[in-house]
Amino acid sequence: MALSTGKYGKYDPQSPTKDRITDIGPRHFWEFFPPIIQRNYGKWLYHEVLEPGVLVHVSETGEKVYTVRCGSPRLMSVEYVREICDIADKYCDGYVRFTTRNNIEFMVDSLEKVQALKQELESRKFYSGSYKFPVGGTGACISNVVHTQGYIHCHTPATDASSLVKAVMDELFDYFKSMVLPAKVRVAVACCLNMCGAVHCSDIALLGIHRKPPIIDHEVIDQVCELPLVIASCPLGAISPDKTPEGKRTLKIKVERCMFCGNCYTMCPALPIADKTGDGVAILVGGKLSNRVSEPKFSKVVVAYLPNNFPRYPEVVQTVKKIVEVYAQDARKHERLGDWIERIGWERFFEKTGIPFTEHLIDDYRLAYDTYRTSTQFKFTEAAWEVSRAAGGIE
């Protein structure tokens with residue numbers, strides 16, 4: 001293997017600390033801009049979506065840059081990454097970028113290159129026949145699903161993100177390839193409550209949930225875990241010290257306080273929380289980050305639990321598909337899913353989608369009374385006052 005001869009000097013394996021510069025950090029973003037982006041930085045006038053998956057940005061200098069967007073599986077093999085690099089080398093002078101929703105964007109400077117690039121992307125398929133680089137994900141569509149690691153990497157998942165996303169997008173693929181929805185729909189998947197996916201602020205969110213507390217392995221917990229650290233890791237103080245009948249140090253869990261987050265298992269492998277019958281998927285809707293039309297919103301639970309029926313998750317897929325289809329038929333143009341629900345009312349949403357409303361959807365968090373009223377758009381209705389009076393609240 002050749003020695004590094006970069007700008008920070010040659011690496012000498014015999015003296016690895018010689019001339020070493022620490023805390024270099026990432027390279028400057030300017031190095032990764034295509035020349036046309038560098039020439040027009042800060043000069044863009046507007047952009048348009050020419051067709052599903054194709055955008056054009058127009059500069060005040062008259063130059064145009066065309067972007068072809070395609071979906072990706074997020075978890076990529078080395079071979080797949082090499083294909084991306086080969087395409088970028090062939091059409092984009094080696095430049096490529098990823099969006100925050102794991103879309104791949106290839107940027108070119110002419111419409112002729114756009115057509116050739118699209119043809120190349122659409123022609124590349126997996127052995128099974130599915131697209132490697134499906135073009136789409138722009139405008140009023142369902143863009144690529146942002147999701148978490150799932151079973152392949154994470155230690156606390158309640159579902160498998162990758163296979164769930166595959167099953168859902170197989171049904172919704174036509175909405176990725178077209179722009180027929182009233183507005184964009186962002187879908188997210190997080191495989192546990194720690195939510196390293198954007199399920200708290202997406203139009204439709206799928207959240208893996210645990211429904212049973214961790215199982216304590218009393219035989220080894222004192223040997224493999226720092227018990228004070230485990231106790232401190234619980235956000236609700238449900239874990240406390242205990243002893244086995246033999247006098248060994250261990251822990252106990254106050255089940256009624258446990259919220260099944262799995263944070264203790266992160267600290268201690270002797271507290272496994274995964275359970276075949278207890279784990280499943282909750283569905284949330286109505287979240288968004290945009291300030292357009294209305295304020296940003298958190299997603300709200302509409303289905304408290306659906307089973308993990310691997311590998312195609314039929315219950316989850318059909319529920320998501322029903323929500324999207326009803327929204328597509330009933331919402332106004334440019335109306336996000338959460339704005340549509342608030343216009344027609346949550347009662348009508350449950351009626352139209354056929355989703356049963358259960359007691360599990362009522363927010364009984366002890367600070368919920370305050371969080372409901374943090375928006376200036378909250379309206380106190382007579383029905384709300386009746387509920388308050390019945391509960392012995394404010395007169």
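Our structure's up above, just so we're on the same page.
These figures come from a predicted structure and were not determined experimentally.

K.L.:
When you look at the overall build of the protein in this model, what are you seeing that I'm missing?
P.N.:
Looking only at helices and strands, one finds twelve helices and 14 strands in the protein. Taking all 395 residues of the protein together, 41% fall into the buried category. In the protein, of all internal contacts separated by at least 6 residues, the share reaching a separation of at least 24 is 63%. Of the accessible surface of the protein, which amounts to about 22700 Å², a share of 55% is contributed by carbon and sulfur atoms.

K.L.:
Please explain the state of the cysteines as it appears in this structure.
P.N.:
Two cysteines form a disulfide when their sulfur atoms are joined by a covalent bond. A complete count under the given rule lists one disulfide for this structure. Between the sulfur atoms of Cys225 and its disulfide partner Cys268 the distance amounts to 1.9 Å. Disulfide Cys225-Cys268: torsion about the S-S bond near 75°, hence right-handed. One end of the pair, Cys225, is in the loop between α5 (221-224) and α6 (227-233); the other, Cys268, is in the loop between α7 (263-267) and β13 (280-285), with 43 residues separating them in the sequence. Residue class for Cys225 comes out buried when judged on its relative accessible area of 8%.

K.L.:
Any chance you could explain the sheet that holds strand β9 (residues 187-190) here in plain terms?
P.N.:
Hydrogen bonds between backbone groups are what pair the strands of a sheet, and the pairing can be parallel or antiparallel. Taken in spatial order, the five strands make up an open sheet running β8-β9-β10-β13-β14, and their pairing is mixed. Across the chains shown, the open sheet's two edge strands, defined by having one partner strand only, are β8 (146-147) and β14 (300-307).

K.L.:
It is not clear to me how the packing of aromatic side chains should be interpreted in this structure. Could you clarify?
P.N.:
For any two aromatic rings, the description comes down to two numbers: the centre-to-centre distance and the angle of the planes. Under the criterion given, the structure shown has 16 aromatic pairs. Look at Trp30 and Tyr41: their rings are 5.2 Å apart centre to centre, the planes differ by 75°, and that puts the pair in the edge-to-face class. With Trp30 in the loop between β2 (9-10) and α1 (35-39) and Tyr41 in the loop between α1 and β3 (44-51), this pair connects stretches of sequence that are eleven residues apart. Since its relative accessible area comes to 33%, Trp30 is described here as partly exposed. Put simply, the rings of Tyr327, Trp340, Trp346, Phe349, Phe350 and Phe357 touch in pairs and so form one group of aromatic residues. Just above the ring of Tyr131 sits the side chain of Lys177; from NZ or CZ to the centre is 5.2 Å.

K.L.:
Would you mind going over the packing of helix α8 (residues 314-330) against helix α9 (residues 337-344) with me for this structure?
P.N.:
Axes are the key here: two packed helices are described by the angle between their axes and the distance separating the axes. Running from N to C, α8 and α9 point in directions that differ by 70°, and their axes come no closer than 11 Å. With respect to each other, α8 and α9 are oriented roughly perpendicular. Contact with α8, carried on its side by Ile323, Val326, Tyr327 and Asp330, involves Leu337, Trp340, Arg343 and Ile344 of α9 and no other residues of that element. Here the residues of the contact of α8 with α9 sort into six nonpolar, no polar and two charged.

K.L.:
Got a minute to help me understand the environment of Glu315 in this structure?
P.N.:
Structurally, the position occupied by Glu315 is in helix α8. Glu315 gets classed as partly exposed once you look at its relative accessible area, which sits at 30%. Remark: the alpha-carbon pair of Glu315 and Val281, spanning 34 residues in sequence, is separated by 9.8 Å. In this structure, Glu315 is in contact with Leu306, Pro307 and Asn309, ignoring residues within four places of it in sequence. A polar side-chain atom of Glu315 sits 2.6 Å from a polar atom in the side chain of Asn309.

K.L.:
Sorry if this is basic, but what is going on with helix α4 (residues 161-177) here?
P.N.:
Side chains of residues three or four places apart in an α-helix project in the same direction, reflecting 3.6 residues per turn. Taken as a whole, α4 carries its principal kink of about 65° at Glu171. The elements touched by buried residues of α4 are β5 (64-70), β8, β9, β10 (204-209), β13 and α8.

K.L.:
Help me out: how do you make sense of unusual backbone geometry in this one?
P.N.:
Glycine aside, residues mostly have negative phi angles, and peptide bonds mostly take the trans form. Residue Pro311 is bonded to the preceding Phe310 through a cis peptide linkage, with omega at 0°. The backbone of Val293 shows a phi angle near 70°, a positive value even though the residue is not glycine. Mapped onto the elements of the fold, Val293 is located in the loop between β13 and β14. Residue Val293 is classed as exposed on the basis of its relative accessible area, which comes to 65%. For His334, which is not glycine, the phi dihedral falls at a positive 70°. Assessed through its relative accessible area of 44%, His334 is described here as partly exposed.

K.L.:
Whenever I open this one, the sheet that holds strand β7 (residues 104-108) confuses me. Can you help?
P.N.:
Read from one edge to the other, the open sheet built from five strands follows the order β3-β4-β5-β7-β6, with strand pairing classed as antiparallel. In this open sheet, the two strands that pair with only one neighbour each are β3 and β6 (97-98). In this structure, β5 lies alongside β7, joined through five bridges in antiparallel fashion. Counted as the bridge partner of Thr67 is Met107 from β7.

K.L.:
Help me understand the layout of surface pockets, please; the structure alone is not making it clear to me.
P.N.:
Empty space among the atoms can be located by rolling a probe the size of a water molecule over them. Reported here for the second largest pocket is a volume of approximately 630 Å³. Ranked by the residues each element gives to the lining of the second largest pocket, the list is headed by α4, at seven residues.

Cut-offs and rules
Residues numbered from 1 in each chain as written. Predicted model: local features only at pLDDT ≥ 70, side-chain atom pairs only at ≥ 80, totals over all residues. Heavy atoms only, no water. Helix = DSSP H or I, 4+ residues; strand = E, 2+ residues; numbered from the N terminus. Buried < 20%, exposed > 50% of the residue type's maximum accessible area, 1.4 Å probe, protein only. Contact = heavy atoms within 4.5 Å. Areas by Shrake-Rupley, 256 points an atom, 1.4 Å probe, with all protein chains shown as cover. Disulfide = S-S within 2.5 Å. Pairing = 2+ DSSP bridges. Phe/Tyr/Trp six-rings, centres within 6.5 Å; stacked < 30°, edge-to-face > 60°. Lys NZ or Arg CZ within 6 Å of the ring centre and 35° of its normal. Axes fitted to C-alpha atoms, helices over the stretch in contact; angles between N-to-C directions. Parallel < 35°, antiparallel > 145°, perpendicular 65-115°, else oblique. Nonpolar A, V, L, I, M, F, W, Y, C, P; charged D, E, K, R; others polar. Polar contact = N/O pair within 3.5 Å; in protein donor to acceptor, adjacent residues only side chain to side chain. Bend = angle between axes of the 7 residues up to and from the residue. 1 Å grid on protein atoms, 1.4 Å probe; cavity = no way out; pocket = protein on both sides within 12 Å on 5 of 7 lines; lining within 4 Å. Points joined across faces, edges and corners; volume = space filled by probe spheres on them.

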